[in-house]
Amino acid sequence: MLLNLILPRFNPYMSTAIIDVVYPKVGDAITIGGKLMDVTIDLSAMAPHDCPPISYYRLIGRDRVWLRRLDVAVGGEPEVGASLALFSTEPDEELDSAPAREIRVSIAGIMGRQAWPQF
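Residues numbered from 1 in each chain as written. Predicted model: local features only at pLDDT ≥ 70, side-chain atom pairs only at ≥ 80, totals over all residues. Heavy atoms only, no water.

Student: I keep staring at the side chain of Asp63 and nothing clicks. Help me out?
Tutor: Tracing the backbone shows Asp63 in the loop between strand E5 (54-61) and strand E6 (65-70). In this structure, Asp63 is in contact with Leu3, Ile30, Thr31, Ile32, Arg101, Ile103 and Arg104, ignoring residues within four places of it in sequence. (Helix = DSSP H or I, 4+ residues; strand = E, 2+ residues; numbered from the N terminus. Contact = heavy atoms within 4.5 Å.)

The following block contains the structure:
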């Protein structure tokens, strides 16, 4: 079965995200709880804030799958709803049919790399 990953709307004011890290490579198996991608959301141009307008998130897989196709690159800025990747439940499944559903993900807020002290 084919599963796709689309960029979810993390916040009502967001329109895009920046892809910071893609953890698996095409062909890799992803276990439940496996890291998929880290993204940055910048709301500074969209809405006034009383806190930092930049947030960092990690997409975590909740299905056992194989990454079959990556539709974004690190540094890319896809729009909400854009395809990020295609997965399959079998490592050698044909890719010629439409995805049956979206991959299940958890979304975790994380600290950006620049927030960590450099030792």
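Student: Help me out: how do you make sense of a negative patch on the surface in this one?
Tutor: A grouping of Glu90, Asp92, Glu94 and Asp96 is seen on the molecular surface, where their side chains present a negatively charged patch. A residue is classified by how much of its surface remains accessible, and Glu90, at 44% relative accessible area, is partly exposed. (Patch = residues over 30% accessible without salt bridge, like charges linked within 9 Å, V, L, I, M, F, W, Y side chains within 5 Å. Areas by Shrake-Rupley, 256 points an atom, 1.4 Å probe, with all protein chains shown as cover. Salt bridge = Lys/Arg side-chain N within 4 Å of Asp/Glu carboxyl O. Lys, Arg positive; Asp, Glu negative; His and termini not counted. Charge placed at Lys NZ, Arg CZ, Asp CG, Glu CD. Buried < 20%, exposed > 50% of the residue type's maximum accessible area, 1.4 Å probe, protein only.)

Student: What is the right way to read the pattern of salt bridges from this model?
Tutor: When the charged atoms of two side chains lie near each other, side chains of opposite charge can form a pair. In total, this model carries 4 salt bridges according to the counting rule given. Note that Arg101 and Asp63 form a salt bridge whose closest N and O atoms lie 3.2 Å from each other. Highlighted residues: Arg101 in strand E8 (residues 101-102) and Asp63 in the loop between E5 and E6, separated in sequence by 38 residues. You can call Arg101 partly exposed: its relative accessible area is 27%. In this structure, a network of salt bridges that share partners links the residues Asp63, Arg101 and Arg104.

Student: In this structure, what is going on with the nonpolar core? I would like to understand it.
Tutor: It is characteristic of soluble globular proteins that their nonpolar side chains tend to be buried jointly. Counting residues in each nonpolar core, the largest one holds 23 residues, and the members touching the most others are Leu5, Phe10, Leu36, Met37, Ile41, Leu84 and Phe87. Within the residue set of this core, elements represented by two or more residues are strand E1 (2-6), strand E2 (18-22), strand E4 (35-42), E5, E6 and strand E7 (83-88). Looking at this core, the element that brings in the most residues is E4, giving 4 residues. Other than its neighbours up to four places away in sequence, Leu5 contacts Leu36, Met37, Leu59, Ala82, Ser83, Leu84, Ala85, Phe87, Ile103 and Val105. (Core = buried A, V, L, I, M, F, W, Y, C linked by side-chain atoms within 4.5 Å.)

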